Amino acid sequence: MEFFFNSYFETPVIIGILLVGITILVLFNSKSSRRTKTPPEVGVALPIIGHLHLQALRGNQPLHLKLTTLAEKFGPIYNIRLGSIPAVVVSSTELAKELFTTHDNFILKRPNSLASEHLAYSYANMGVTPPNAYWRWLRKFTAVEFFSHRALEMAKNVPAEEINTAIKYLYTLCLNDKGSARLADIQQWLLDIALDLMMRTVIGKQTSGGSSNNIAEEERRRWKKMMEETMRLMFMPVLSDSIPLLKWFDIGGVEKEMKRVSKYMDEIVDVWLQEHIQKKANNTTNNGDDTQRDFMDAMLSAVEAGDAEFGDHSPHTIVKATVMAMVGAGSDTTAVVIIWALSLLLNDRSKLRKAQQELDTVVGNNRRVDLSDINKLEYLQAIVKETFRIHPPGALLIPREFSEDRIVGGYHVPKGTMLFINLYKLQRDPKIYPNPSEFKPERFLEPKYKDIDPRGRHYELFPFGAGRRSCPGLNLGIQNVHLILANLLHTFDISTVDDDQLVDMTASPEAITRKASPLEVVITPRLSPDLYY
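As the structure is a prediction and not an experimental result, all values here were calculated from the model. (Residues numbered from 1 in each chain as written. Predicted model: local features only at pLDDT ≥ 70, side-chain atom pairs only at ≥ 80, totals over all residues. Heavy atoms only, no water.)

## Notes on the sheet that holds strand E7 (residues 418–421)
Hydrogen bonds along the backbone pair up the strands of a sheet, which may run parallel or antiparallel.
Then step 1. Taken in spatial order, the four strands of this open sheet run E1-E2-E7-E4, and their pairing is mixed. For this open sheet the edge positions go to strand E1 (77–82) and strand E4 (400–401), each flanked by a neighbour on one side alone.
Then step 2. One ladder, built from four bridges, connects strand E2 (residues 85–90) with E7; its direction is parallel. Bridge pairing in E7 links Val88 to Leu419.
Then step 3. Contacts between helix H3 (residues 63–74) and the sheet are confined to E1 and E2, with E1 contributing the most and set at about 130° to the helix. (Pairing = 2+ DSSP bridges. Helix = DSSP H or I, 4+ residues; strand = E, 2+ residues; numbered from the N terminus. Contact = heavy atoms within 4.5 Å. Axes fitted to C-alpha atoms, helices over the stretch in contact; angles between N-to-C directions.)

## Details of the environment of Ala308
Then step 1. Looking at the secondary structure, you find Ala308 in the loop between helix H13 (295–304) and helix H14 (315–346).
Then step 2. According to the relative accessible area criterion, Ala308 is buried, its value standing at 14%.
Then step 3. The sequence separation of Ala308 and Trp137 amounts to 171 residues, and the corresponding C-alpha distance is 6.9 Å.
Then step 4. Setting aside residues no more than four positions away along its own chain, Ala308 makes contact with Trp137, Ala302 and Val303. (Buried < 20%, exposed > 50% of the residue type's maximum accessible area, 1.4 Å probe, protein only.)

## Quick word on H13
Then step 1. Of all 10 residues in H13, eight are buried, a share of seventy percent or more.
Then step 2. Those residues of H13 lying buried are Phe295, Met296, Asp297, Ala298, Met299, Leu300, Ala302 and Val303.
Then step 3. Buried residues belonging to H13 abut helix H6 (133–145), helix H9 (186–203), helix H12 (254–281) and H14.
Then step 4. Count one or two residues on from H13 and you reach Gly306, which has phi positive near 80°.

## A word on the sheet that holds strand E9 (residues 521–525)
Then step 1. If you trace the three strands from one edge of the open sheet to the other, you get E3-E9-E8, paired in antiparallel fashion. Strands at the two margins of the open sheet, each flanked by one partner only, are strand E3 (181–183) and strand E8 (492–496). If you compare each strand with its neighbour and ignore which way they point, the axes differ by 25° on average.
Then step 2. Pairing analysis gives five bridges linking E8 to E9, with the strands arranged antiparallel. Within E9, the residue paired with Ser495 across the bridge is Val522.
Then step 3. Sitting on the sheet, helix H19 (residues 474–491) is in contact with E8 and E9, with an inclination near 90° to E8.

## With respect to unusual backbone geometry
Then step 1. Here the phi dihedral of Ile48 falls at roughly 70°; this positive angle occurs in a residue that is not glycine.
Then step 2. By secondary structure assignment, the location of Ile48 is in the loop between helix H2 (12–35) and H3.

## Some points on the side chain of Gln427
Then step 1. Along the polypeptide, Gln427 turns up in the loop between helix H17 (423–426) and helix H18 (447–450).
Then step 2. Aside from chain neighbours lying at most four places away, what touches Gln427 is Phe388, Arg389, Pro392, Tyr433, Glu460, Leu461, Phe462 and Pro463.

## Some points on the packing of H6 against H13
The relative placement of two packed helices is expressed as an angle between their axes plus a distance between the axes.
Then step 1. Viewed as axis vectors pointing N to C, H6 and H13 meet at an angle of 135°, and their least axial separation amounts to 11 Å. Judged by the angle between their axes, H6 and H13 are oblique. For the pair H6 and H13, the crossing hand works out as right-handed. Judged by residue contacts, Trp137, Leu138, Phe141, Thr142 and Glu145 of H6 engage Phe295, Ala298, Met299 and Ala302 from H13.
Then step 2. Grouping the amino acids of the contact of H6 with H13 by side-chain chemistry returns seven nonpolar, one polar and one charged. (Parallel < 35°, antiparallel > 145°, perpendicular 65-115°, else oblique. Left-handed = near helix turned anticlockwise from the far one by under 90°. Nonpolar A, V, L, I, M, F, W, Y, C, P; charged D, E, K, R; others polar.)

Spelled out as structure tokens, the structure:
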């Protein structure tokens with residue numbers, strides 16, 4: 001028997017077959033190894049808490065800065081486990097382009113969260129709803145009725161009227177203070193104007209002027225407080241999102257507070273809904289003029305006519321959830337971007353003067369800025385782009401989740417992995433932007449950068465996200481930032497209280513990267529008095 005086996009394996013044919021088989025096995029294992037190659041891990045993940053024990057993730061520093069520090073050590077893509085949730089963090093233009101082109105259909109899902117459950121009408125909010133037929137209908141509907149060029153053109157008087165009212169308010173402060181006014185926190189004024197603008201456009205509520213839709217000051221305080229509380233909780237890190245076992249204990253009473261704010265929010269939004277239903281019943285929605293129809297009117301008509309894809313939600317829930325998404329996302333980010341732009345300009349007065357000189361040349365001193373001027377204000381546009389680059393309103397894009405196993409940058413990323421894109425790191429890449437931390441709007445006037453657009457088509461700069469799940473309101477958001485900033489710089493000289501001290505540029509640790517400290521400024525009118533009325 002031993003002789004038989006020795007003779008058998010000495011046969012050249014059998015040896016050849018074995019060699020071929022071994023070669024195939026080695027190649028298969030090699031391919032399998034490549035297929036299962038995973039991104040670098042940031043350290044040892046412990047049971048239940050994952051990497052939350054790491055020193056790099058501790059402290060009050062904003063999360064995007066912690067993840068930036070890890071990227072400098074582990075590279076543009078790495079794995080991190082937040083509690084029991086596996087995540088991958090990406091911070092390069094090349095990988096972002098791959099994600100939003102090759103893999104876009106597989107990263108449309110948002111991770112589940114306590115905030116989405118309680119503050120987004122059980123995932124009816126278009127920002128967090130799953131990528132199903134309801135989401136596709138909602139995205140198409142909002143694109144046509146609210147964010148299309150036709151819709152923006154029909155509502156073009158709204159920004160002008162709201163901005164004029166806000167500028168007049170600042171001018172009155174100056175008159176009452178002997179020519180110049182000292183604002184303890186201009187961010188509050190910016191938040192007010194951005195919120196007023198979205199309220200007027202979305203639900204037809206006007207906060208001042210002669211309209212019959214003016215709201216009482218008490219009501220205004222109520223919905224402003226509601227929006228502030230909702231946005232604060234919506235983006236608050238919740239430990240039970242990372243460690244689901246902790247949801248049963250409601251540590252810190254976060255879920256209880258979310259339920260309270262959710263009830264408060266729904267009471268206010270339901271009043272808006274009932275007003276629109278009554279207005280429709282009284283046949284006073286349009287008054288023969290379609291330009292008077294606000295977004296809530298259009299959406300209510302669509303769901304009541306049966307034109308909507310409801311999913312698991314009631315028609316009125318869809319209306320309320322979408323309205324809240326529009327008002328919240330559209331107002332907060334606008335104010336955040338403008339406050340960063342002003343802070344950057346106040347720390348480099350030569351660029352502030354250059355922006356005002358352009359406004360004086362293009363617009364002049366005999367009229368106010370309007371929407372048609374914006375395309376001619378190239379330096380102002382460059383300022384906005386550079387602000388988006390250095391201080392995007394969300395330094396980390398809202399997380400997504402892989403719906404299938406994918407190969408990203410040569411690495412295997414399994415289904416169910418959370419995706420973070422670190423815009424702060426990506427948009428400060430020195431290989432793309434020399435001296436990336438320097439505020440230099442002029443770079444976007446150079447041929448190499450001039451055509452870079454922040455609307456998600458260029459992966460060097462996409463503050464509103466990219467792909468099919470990018471922010472649907474980016475055109476409106478960019479338009480409002482340009483209009484408010486241009487009007488403010490055109491109508492007032494702006495300075496700090498102490499010209500010898502630089503503005504503190506520290507960011508808050510929140511998901512929306514606000515300036516951490518108030519911006520106190522002194523404003524002085526620079527146009528003829530009649531242009532403020």
